[in-house]
Amino acid sequence: MLLGQFAPTDNPYRQAIRELYYVDEEVCVNRLLNQVMLLDDQKKNIHDRATNLVKVVRDGRFGKGGIDAFMLEYELSSAEGVALMCLAEALLRIPDKSTADRLIRDKLGTADWKEHLGGSNSLFVNASTWGLMLTGRVIKSSTNQEQRFLSVLKKLIARSGEPIIRQAVRQAMGIMGRQFVLGRHIDEALNKAIPQEKIGNRYSYDMLGEAACTDEDAKRYFQSYALAIEALSKAAAGRGPIEAPGISVKLSALHPRFEYHHSERLARELVSRVRELALMAKQANIGFTIDAEETHRLELQLDVFEALALDAAFEGWMGLGLAIQAYQKRCVAVIDWLVHLGERSHRQFMVRLVKGAYWDSEVKRAQEMGLSDYPVFTRKINTDVSYLACARKLLARRDVIFPQFATHNAHTVAAIQEIAGDKKGFEFQRLHGMGKPLFDQVLGDNASGVPCRIYAPVGSHEDLLPYLVRRLLENGANSSFVNRLVDDQTPIDDIVADPVEQCRNYSRKRHPRIAMPAALFADGRLNSAGLDVNDPEQLRPLSQAMSAACEKASWFCVPIVGADAADNDETVPAAGTGQAVRNPARSTEVIGTVVEATSEDCEKAMATAHAAQVMWNAKPVDERASILEQAADCLQENQAKFFALAMREAGKTLLDCVAELREAIDFLRYYARLGRQHFALPVELPGPTGEQNQLSRQGRGVFVCISPWNFPLAIFIGQISAALVAGNAVVAKPAEQTSIMAYEAVKLLHEAGVPRAVLQLVPGAGDVVGPALLGNRYLSGVAFTGGTDTAKRIHRQLAERPGAIVPLIAETGGLNTMIVDSSALPEQVVRDVVASAFQSAGQRCSACRVLYLQAEIADKVLDMLKGAMQELVIRDPRYLNTDVGPVIDQAALTMLQEHADRMDKEARLIAACKPVTTAMESGFFFGPRAYELESLSQLPKEVFGPVLHVLRYQSADLDQVVDEIN
């Protein structure tokens, strides 16, 4: 998909969904409140029914064990709860004993498990506690019997050592796992489900697994789903999608690139995979539900669902289903779209309404990306209101929708029963291991009760871990209904309170303690505005503006020296003058021209800056800071131009362009704030009577700022803005490869209010411009980012100058290293390594150059890394699906090829990626590579590009590894 190919949708229902993505929460909630108005007698009926449900649960008539009781005992705000989260997430996958023992000692040694012993009526909770106590800190007990037991326990631990501790904790984790997972495989799960099915419960099976990192992962998940459908076909016995057990599938498990960037590929590959599974489900006549995932994947889910819904091969089958999330502001619009789709296809869809399982990550993602608002509600009560509004919509259209209400909330259950008016045409759903006492009441007599479908995970304990942590996070918070339901200390009236009335009583519907993404920083500084590259509504106008910027005949850069524009010609250079600038992705494409500065230009720039610095330094710091903030706003307004330039001059992908611009804006605002903080009025210092002591900060004079090509806007702006706000004048020397970006940035700073004489630009070759600037008599300081060898040369040159010592602020490269032990989640390791080592074509000082893997997990991680690397797309950044663009120039490409030639002889090649090449894409492309080394000595210096070097280590040698890195 080329940038610029984003046509508006012709479906008004899909357009309505997109428009609600980041709608204001106040507006959205007020709309929902108008959709859930109930009569007084209905409210009373709901309250009474909900109260009775809670009372029966607390009476214990239907049991009180399982995860509900466990989470009540071990709140996630407690040290024990946190320790359990860490153990549950990692312990069972650790293959070696030493790492497992260290993890247990680290997480359980300080927890007070004895405080929880006997604290619950649940056998499951107490069994878990005894297992965990084996490693806890043993405290003297008040009873002789307990003292004798603990004394025996101490001796047992001392005699048996860590193996018995490790085994006991694994047993405790196993007990926890069995509460969440119905079976290790589908046949075991089906057998365990028989008793619950006999009393009227239904099942939807979820084959455990996280998002696929590799195509091999996706094929394995596909096979797991296919085998499960085959087994369910036999168990269904012709009962049909509603009565029979069904299956839930995650689209992210079926394709390693389930991202909007790759929608064209997904249309070819993912749809066919899902279609094949859905055809199997149709043949078995069971339910087939596409599960809910993160918000930014909704558009893709709807595309896949629509393709299946309109496929003639599924005519007459009513088992196609979709899970939707009430915490999304656009959930009500999704229902409208589903109803319309059902009418078009003459179908009835199974729709599972959930509240949402990714709330915390959705909020953090919006903050980190600087989005305009949150895609989810910030108050839990707003989600409850949204759920009721969505439930009303679903129940009103049972002709095309079979509603499935997934909730553990007694008030929600009672409200749905009241709104429905009868017990036909819908069902409830709950998680396996949770909510049984509540829904056993709802099920009641099989003839008159409302059916409940149990969402049951199936898989090994290793597959369980990420799922378990997410479920605990979702349902284990102290404010969770699940906790409060079984907590006798919480008044029933609080539990069954009407969320609609509670919400109406809030004068402000948005949560007051969750700042908008733009107001994220506590110091009051604005967060830079980002771009959601998964939202076509944002991409369309951006791509149009970028295309308009690229239509410019030619960009150029000329020196900017002297006090005013008349001092030199800042018009397009005449033909034949200057250096041609080529697109690194298309080396035959000339995008502009650079006229290099002469030694005379450098002398004039330094003299002019020296003369202007006194005036600039005398200006109040608030004025200087305000100019930087104005420049930040101007950068934001001109983002399309700078994106287009970064893409064509520096070879950056769209994601990297966004990050580059945001960092530049953040630098401007950050240094503006620091300037006001440190350069305001003089600070009075204490001293002897009669003396006056003041501390004040002033600019030093003229700073020369030398910036690199890999961050041609962010680092260039960062150096300059820090120097300017401190009262210095600046002469900027950009990298030769990205001088046009620097020229446009300097012009923008001038337009924002920085005097021309205070900020000047001298593009050119380092061997010409460097000596002229560094040897100038007016030089007061140097800010440099680049290679260590160059920094040392500058340092020597400055040291040889006569007179006062000139400060050098140098940021140089190195060998960034990641150490991964056997407790790490391999999928997370691979995702992070691929991003760190290969994003920006590895042309970042912060890129991961060396990866140390503990020997016990090295083979597994490297197999996954190899598969993930094969999924990378290396091509012209103008394509939205590009993961890795070109390296900066021929010199960089030659260096990388020479290094690869040496590594091919001296190391073991793990994986090498091939660029996508066409007649037009004849640029400086180097496919990412990973090599396994025998020793770090094989890598004497930093290799600036997309090459990862891997070493194995033994757990006992970790200290030696750290020494080697240092």
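Residues numbered from 1 in each chain as written. Predicted model: local features only at pLDDT ≥ 70, side-chain atom pairs only at ≥ 80, totals over all residues. Heavy atoms only, no water.

Novice: Which residues make up the overall build of the chain, and what are the values?
Specialist: Per the secondary structure count, the chain includes 37 helices and 23 strands. Counting the 966 residues in the chain, one finds 59% classified as buried. Of all intrachain contacts in the chain linking residues separated by at least 6 positions in sequence, the fraction that spans at least 24 positions is 78%. Only carbon and sulfur atoms are counted for the fraction: they give 51% of the accessible area of the chain, which is about 39,200 Å². (Helix = DSSP H or I, 4+ residues; strand = E, 2+ residues; numbered from the N terminus. Buried < 20%, exposed > 50% of the residue type's maximum accessible area, 1.4 Å probe, protein only. Contact = heavy atoms within 4.5 Å. Areas by Shrake-Rupley, 256 points an atom, 1.4 Å probe, with all protein chains shown as cover.)

Novice: Give me a nonpolar patch on the surface: which residues, what numbers.
Specialist: Side chains of Val683, Leu685 and Leu695 sit close together on the surface and give an oily, nonpolar patch of about 230 Å² of accessible area. Mapped onto the elements of the fold, Leu685 is located in strand S12 (residues 683-685). (Patch = residues over 30% accessible without salt bridge, like charges linked within 9 Å, V, L, I, M, F, W, Y side chains within 5 Å. Salt bridge = Lys/Arg side-chain N within 4 Å of Asp/Glu carboxyl O.)

Novice: Describe the packing of aromatic side chains, listing the residues and the values that go with them.
Specialist: Across all of its chains, the model carries 13 aromatic pairs by this definition. With a centroid separation of 5.7 Å and 50 degrees between ring planes, the pair formed by Phe428 and Phe439 is classed as tilted. You can see Phe428 sitting in strand S7 (residues 427-431) and its partner Phe439 sitting in helix H20 (residues 436-443), a full 11 residues away along the chain. The buried category is assigned to Phe439, whose relative accessible area is 1%. When the centroid spacing of 5.8 Å and the interplanar angle of 5 degrees are considered together, the rings of Phe667 and Tyr671 count as stacked. One end of the pair, Phe667, and the other, Tyr671, are both in helix H29 (residues 654-678), 4 residues apart, so they sit about a helical turn from each other. On the basis of relative accessible area, Tyr671 is assigned to the partly exposed category, the value being 21%. By the ring-pair criterion, three or more aromatic residues cluster together here, those being Phe405, Phe426, Phe428 and Phe439. (Phe/Tyr/Trp six-rings, centres within 6.5 Å; stacked < 30°, edge-to-face > 60°.)

Novice: Before we move on, can you summarise the sheet that holds strand S23 (residues 947-953) with the specific residues and values?
Specialist: Spatial ordering of the open sheet is given by S19-S20-S23-S22-S21, a layout of 5 strands whose pairing is mixed. The open sheet terminates on both sides in strands that have one partner only, identified here as strand S19 (817-820) and strand S21 (908-912). Pairs of neighbouring strands in the sheet enclose a mean axial angle of 20 degrees, with direction left out of account. Along the sheet face, helix H36 (residues 890-906) touches strand S22 (929-932) and S23 and points at about 35 degrees away from the line of S22. (Pairing = 2+ DSSP bridges. Axes fitted to C-alpha atoms, helices over the stretch in contact; angles between N-to-C directions.)

Novice: I'd like a description of helix H31 (residues 739-752), backed by residues and values.
Specialist: The end-to-end C-alpha distance of H31, which contains 14 residues, comes to 20 Å, matching closely the 20 Å that a straight helix rising 1.5 Å per residue would cover. If you check which residues of H31 are buried, you get Ser739, Ile740, Met741, Ala742, Tyr743, Glu744, Ala745, Val746, Leu748, Leu749, His750 and Ala752. Looking one or two residues beyond H31, the residue adopting positive phi is Gly753, at roughly 130 degrees. (Expected span 1.5 Å × (residues − 1).)

Novice: Explain the environment of Ile229 to me, using residue names and the numbers behind them.
Specialist: Looking at the element boundaries, Ile229 is found in helix H11 (residues 215-236). By relative accessible area, which is 1% here, Ile229 ends up buried. Sequence separation between Ile229 and Gly246 is 17 residues; the distance between their C-alpha atoms is 8.2 Å. The residues contacting Ile229, other than those within four sequence positions of it, are Ile247, Leu277, Met280, Ala281, Ile286 and Phe288.

Novice: Any details on the pattern of salt bridges? Residues and values, ideally.
Specialist: Applying the stated criterion across every chain, the model contains 59 salt bridges. In this structure, Asp215 engages Lys219 in a salt bridge whose closest nitrogen and oxygen atoms are separated by 3.3 Å. Separated by 4 residues within a single helix, Asp215 and Lys219 lie in helix H11, roughly one turn from each other. Looking at Lys219, the relative accessible area reads 52%, which means it is exposed. One salt bridge connects Glu660 with Lys652, and the closest N-O pair in it is separated by 3.4 Å. Judged by its relative accessible area of 7%, Lys652 is buried. Beyond isolated ion pairs, a larger network of salt bridges with shared partners links Arg14, Arg18, Glu299, Asp303, Glu306, Arg344, Glu537 and Arg540.

Novice: Can you break down the sheet that holds strand S10 (residues 579-583) residue by residue, with the values?
Specialist: Taken together, the 3 strands give an open sheet; going across it, the order is S9-S11-S10, and neighbouring strands pair in mixed fashion. Strand pairing shows two members of the sheet lacking a second neighbour, strand S9 (555-557) and S10, which therefore form its edges. Across the sheet, the mean angle from the axis of one strand to that of its neighbour is 45 degrees, orientation sign disregarded. Judged from the 3 bridges that link them, S9 and strand S11 (residues 586-594) form a sheet pairing that is parallel. What sits directly across from Phe556, in S11, is Thr593. Set on the sheet, H31 makes contact with S9, S10 and S11; between it and S9 the angle comes to about 80 degrees.

Novice: Give a detailed account of the side chain of His262, specifying residues and quantitative values.
Specialist: You can see His262 is positioned in the loop between helix H13 (251-254) and helix H14 (263-284). Not counting the four nearest positions on each side in its chain, His262 is found in contact with Arg257, Val873, Asn881 and Asp883.

Novice: Give me the environment of Gly183: which residues, what numbers.
Specialist: Residue position: Gly183 is located in the loop between helix H9 (162-180) and helix H10 (186-198). Since its relative accessible area comes to 4%, Gly183 is described here as buried. Each C-alpha atom, one on Gly183 and one on Val458, is 5.2 Å from the other, the two residues being 275 residues apart in sequence. Here Gly183 is in contact with Glu188, Ala189, Pro457, Val458 and Gly459, once residues within four sequence places are set aside.

Novice: An account of helix H27 (residues 621-637) is needed here, citing residue identities and associated values.
Specialist: Count 3.6 residues to each turn of an α-helix, and residues three or four apart come out pointing the same way. A rise of 1.5 Å per residue sets the reference length of H27, with its 17 residues, at 24 Å; its end C-alpha atoms lie 25 Å apart and thus fit the reference within 8%. Buried within H27 are the following residues: Val621, Arg624, Ala625, Ile627, Leu628, Ala631, Ala632, Cys634, Leu635 and Gln636. Those residues of H27 that are buried are in contact with helix H26 (599-618), helix H28 (639-649), H29, helix H30 (714-725) and H31.

Novice: Would you mind going over the confidence of the model for the chain in detail, with residue names and values included?
Specialist: Of the residues in the chain, 84% have a pLDDT of 70 or more, and the chain-wide mean is 87. Here residues 130-150 is a poorly scored stretch, pLDDT under 50, and it has 43 contacts once near neighbours within four places are set aside; other chains count. (pLDDT = per-residue confidence, 0-100.)

Novice: Explain the side chain of Asp666 residue by residue, including any values.
Specialist: You can see Asp666 is positioned in helix H29. There is no salt bridge for the buried Asp666, and the closest opposite charge comes from Arg525, which lies 4.5 Å off by N-O distance. Dropping the residues within four chain positions of it, Asp666 is found in contact with Arg525, Leu526, Asn527 and Ser528. (Lys, Arg positive; Asp, Glu negative; His and termini not counted.)

Novice: Summarise the packing of H27 against H31; cite the residues concerned and give the values.
Specialist: Viewed as axis vectors pointing N to C, H27 and H31 meet at an angle of 125 degrees, and their least axial separation amounts to 8 Å. What the angle tells us is that H27 and H31 run oblique. In terms of crossing hand, the pair formed by H27 and H31 is right-handed. Residue-level contacts link Ile627, Gln630, Ala631, Cys634 and Leu635 of H27 to Leu748, Leu749 and Ala752 of H31. (Parallel < 35°, antiparallel > 145°, perpendicular 65-115°, else oblique. Left-handed = near helix turned anticlockwise from the far one by under 90°.)

Novice: Explain the packing of helix H18 (residues 380-396) against helix H19 (residues 410-420) to me, using residue names and the numbers behind them.
Specialist: Relative placement of two packed helices is described by the angle separating their axes and the distance separating the axes. H19 packs onto H18 with a crossing angle of 30 degrees between their chain directions and a minimal axis gap of 10 Å. With respect to each other, H18 and H19 are oriented roughly parallel. Pair H18 / H19 crosses with right-handed handedness. Here Tyr387, Leu388, Ala391, Arg392 and Leu395 of H18 lie close against H19, whose contacting residues are His411, Thr412, Ala415, Ile416, Ile419 and Ala420. When grouped by side-chain class, the residues that make up the contact of H18 with H19 number 8 nonpolar, 2 polar and 1 charged. (Nonpolar A, V, L, I, M, F, W, Y, C, P; charged D, E, K, R; others polar.)

Novice: Residue-level account of the nonpolar core, with values.
Specialist: Tyr205, Phe288, Leu338, Leu353, Phe405 and Leu654 are the most contacted members of the largest nonpolar core, which totals 202 residues. In terms of residues, this core owes the most to one element, H11, which gives 10 residues. Each residue touching Tyr205, except ones within four places of it in the same chain, is listed here: Leu182, Ile186, Ala189, Leu190, Ala193, Leu232, Pro245, Gly246, Ile247, Ser248, Ala456 and Val458. Judged by nonpolar contacts, the second largest core, of 55 residues, contains Leu896, Ala911, Leu939 and Val943. (Core = buried A, V, L, I, M, F, W, Y, C linked by side-chain atoms within 4.5 Å.)

Novice: An account of the pairing of S22 is needed here, citing residue identities and associated values.
Specialist: One ladder, built from 4 bridges, connects S21 with S22; its direction is antiparallel. Looking at the pairing, Ala911 lines up with Ala930 of S22. Bridge analysis of S22 against S23 gives 4 bridges, and the strand direction is parallel. When the sheet's bridge partners are listed, Arg929 is paired in S23 with Val947.

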